[in-house]
Structures are given as structure tokens and as C-alpha cells.
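Structural overview for review
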Amino acid sequence: MSASAVSLSMPVVPRRRRSPEEVAAAAPVTGTKRVLLAAPRGYCAGVDRAVIAVEKALEHHGAPVYVRKQIVHNVHVVSSLEEKGAIFVEENEEVPEGELVVFSAHGVSPAVVQSAEDRGLRTIDATCPLVTKVHKEAVRFAKAKNHILLIGHEGHEEVEGTYGEAPDSTTIVNNPAEARTVQVEDPDNLIWLSQTTLSVDEAMEIVNILKERFPKLQDPPSDDICYATTNRQVAIKKIAPQAELVIVVGSANSSNSVRLVEVALEYGAKASYRVDFANEIDETWFEGVATVGVTSGASVPEILVQDVLGLLAEYGYGDVEEVVTAQEDILFSLPKELRATMKAAGDSSSALGGPATPPANYHPFTI
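Residues numbered from 1 in each chain as written. Predicted model: local features only at pLDDT ≥ 70, side-chain atom pairs only at ≥ 80, totals over all residues. Heavy atoms only, no water.

1. Thoughts on the sheet that holds strand 1 (residues 34-39)
Where we set the bar: If DSSP finds at least two bridges between two strands, the strands pair. The secondary structure listing takes helices from DSSP runs of H or I that are at least 4 residues long and strands from runs of E that are at least 2 residues long, numbered from the N terminus. Whenever a helix is involved, its axis is fitted only over the stretch in contact; in every case the axis is a line through C-alpha atoms, and angles between N-to-C directions fall within 0 to 180 degrees. By the convention used here, residues are in contact when the closest approach between their heavy atoms is within 4.5 Å.
Reading across from one edge, 10-9-11-1-12 is the order of the five strands in this open sheet, with parallel pairing throughout. One side of each edge strand has no neighbouring strand; the edge strands of this open sheet are strand 10 (271-275) and strand 12 (320-324). Pairwise comparison of adjacent strand axes, ignoring direction, gives a mean angle of 25 degrees for this sheet. When strand 1 meets strand 12, the two strands line up parallel, connected through five bridges. Looking at the pairing, Ala38 lines up with Val323 of strand 12. Of the strands in this sheet, strand 1, strand 9 (245-249), strand 11 (291-296) and strand 12 are in contact with helix 9 (residues 227-239), which crosses strand 1 at around 155 degrees. Sheet strands in contact with helix 11 (residues 302-314) are strand 1, strand 9 and strand 11, and its direction is about 165 degrees off that of strand 11.

The structure is reproduced here in C-alpha cells:
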């Protein structure tokens, strides 16, 4: 081909999905086909609160509403909000002065809050209250002259926000290898905190290594791992030993979704895959599989799970048994800035994020 020749790309041809009959012929299934559906799964109260916050901001302030980072780590949620008028940016500098910006559920550092003030931005803080709790702990321990070992994945938005509360008093520990080598000035004055979306097993492995090296390492006053993260992992641990295949619905940048795949494999699933959408499922995964486990990360709307169940039913997995390991009745009040706007506008709709029907005698968690 000459240098001046034009190369035309070939059109993308959709992959032909193999039929149920072809899959069965490739590897017959022994036993009755079934689906074990994890419960709890999907949206947690913090995610529900954050998504509602953006929707309510659009309703009362009109488009565009800017959102710093992804409001939650799910591509479907982000694209759906973009269609309604949300504009997602990486930093405050991308937001025109004086406009409204929503901080994501993962939280932000004080420096980010200050930069918004410097630009005259109006803000709504949709940080999950459980993340806010960890932020407050970091501030309190730093003031008490404790050095904080923050267990989490460096570069994750939540870790960046927590670290930013007390950077001079915090060391990030990413993994067991770092736990074995991290150096501190005062080993007698340490406390650990963690990213809320870690695997419980992963976090405690690191904590145990740290305690072997630093016997006076203090525990935080309460567990930092999010209740929803824990509950979803417990459910998949129960399902995994019975499943030849586990499908986790969730995005690649969702830490808790990625961990669910790892937990499924660690606890006995023969195979486990993460997908954003049902059309990403490879039907060859079903070859020889009688039992399929299904769950979803804490930032995944239920409609995406139902799409997966619909595809599974086409391949003979229409028998769905829900495996319930916990009941979640947590509710969080919407951000205070938004509650004030709703009240002034006479908006009497629910100012809570979480289950549709609050449990009896429930008092919402307010920050």
C-alpha cells in the first residue's frame, strides 16, 4: 500500500451468540439447571442517596449539574444521569465559576472543598455517611497525635479523600507485601483505618500482619468496612461452594464488585466473571454448568441484574432461588444542602436514600 493510500476499517460484525442447543451439545449439563441469586445485592443506601441527590439537584436547579468524578462507580448509572443533564468532570477547575457541583459518594479531601470555595462553586456533598465517618476518625486521630495506617488502594477516590484529611499523619498500606515493609517513626502510637469497600478478609489479613510487626497498633472504635460490602461478600461466600459459575454484575472501577469475583473464587466457585451488562456474558461459560450464582456490586441498579436473569432463562436457567443472608434496612438522609432546597421548594417527596419503605421506628442517619 502506498503512503498516500487510505486504509478503511472493516465494519464491526456482531458476534453470533451460540444457541442453547449448541451450548448443550458442546458440554452436556449433569443435574438440574438453576440460579442462586444473592441477597443482599445491588444498591446500598449510600449509593441510592448519591444517585437521588443528583436527580433531585437536576429537578430543582435544572441542567446542567456538574458532578466531580463518577457519582458512583457504575457505567450505566453515569450514562443515565448524563442523559438527564449531569456533566461529569475530573476536577473542580472544569466547572464554570458559580455553577453547582456534586461531590461523589466516595468523598473528597478538604483541599477539594477549598478549591470549590475558591472558584465560587455551589456544592452538594453526596459523600456516603459511612465514608464521612472514616474522614472524621482520621481528623480526630491526627489531632490526638496518632499516626494512621490507612489500609486501601492508593489512587482510589475514597482513599484520596481520607488521606487528604490528615496527610502528614497518614501512611497508605495497599497490600500484605507493603504491610510487611512499611516503616513508621513511632510504633507505639499507631491506629489503623480502612477503605470501606475492601474485602473483609483482605483488610484483616493486612491488619494481622501489621499487628505482628506493631503489637501496640490500635483498632478503630468501629468497623470501617461498609455493611453493604460485608453483606454482599457473606452472601456470595454461601453461594460459591455450590456454583460452577458466578456472575457478578458491576463495573471494572467498582472495588466492591471486583472483590466479589475474587471472593467467589476463593470460596469455591469453579469460575467467576464480572460484567457490566447481560450482553457481555459469553454463553460458553454455561458449558457443563448446572448451578449459576448471581450477585451485583453495591452501585448496581437491579434492572441490570434482571437483564442477566433474563439471558440465563433463555439458556435454561429459569429456576431462580434467592439466597438471603441478611436484611438491609439502612436509610441515609439526603445531603443537607439538598434538603434545604427541597424544603424551600415545598418538595414533600422522601428526603431519604435507601429502601423504599422505612422500617418501623427508624431514625435516619443524618450528617
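2. Examining the pattern of salt bridges
Stated precisely, the cut-off is as follows: Any carboxyl oxygen of Asp or Glu that lies within 4 Å of a side-chain nitrogen of Lys or Arg is treated as forming a salt bridge with it. Relative accessibility under 20% of the residue-type maximum defines a buried residue, over 50% an exposed one, and the middle range a partly exposed one, all with a 1.4 Å probe and only protein chains included.
Under the definition given, this model contains 19 salt bridges. In this structure, the salt-bridge partner of Arg41 is Glu322, at a minimum N-O distance of 2.8 Å. Remark: Glu322 occurs in strand 12 and Arg41 occurs in the loop between strand 1 and helix 2 (45-61); sequence separation between them is 281 residues. Looking at Glu322, the relative accessible area reads 43%, which means it is partly exposed. We note a salt bridge from Arg68 to Glu91, for which the minimum N-O separation is 2.9 Å. In this pair, Arg68 sits in strand 2 (residues 65-68) while Glu91 sits in the loop between strand 3 (86-89) and strand 4 (100-103), placing the two residues 23 residues apart along the sequence. By relative accessible area, Arg68 is classed as buried at 8%. With relative accessibility at 33%, the residue Glu91 sits in the partly exposed group.

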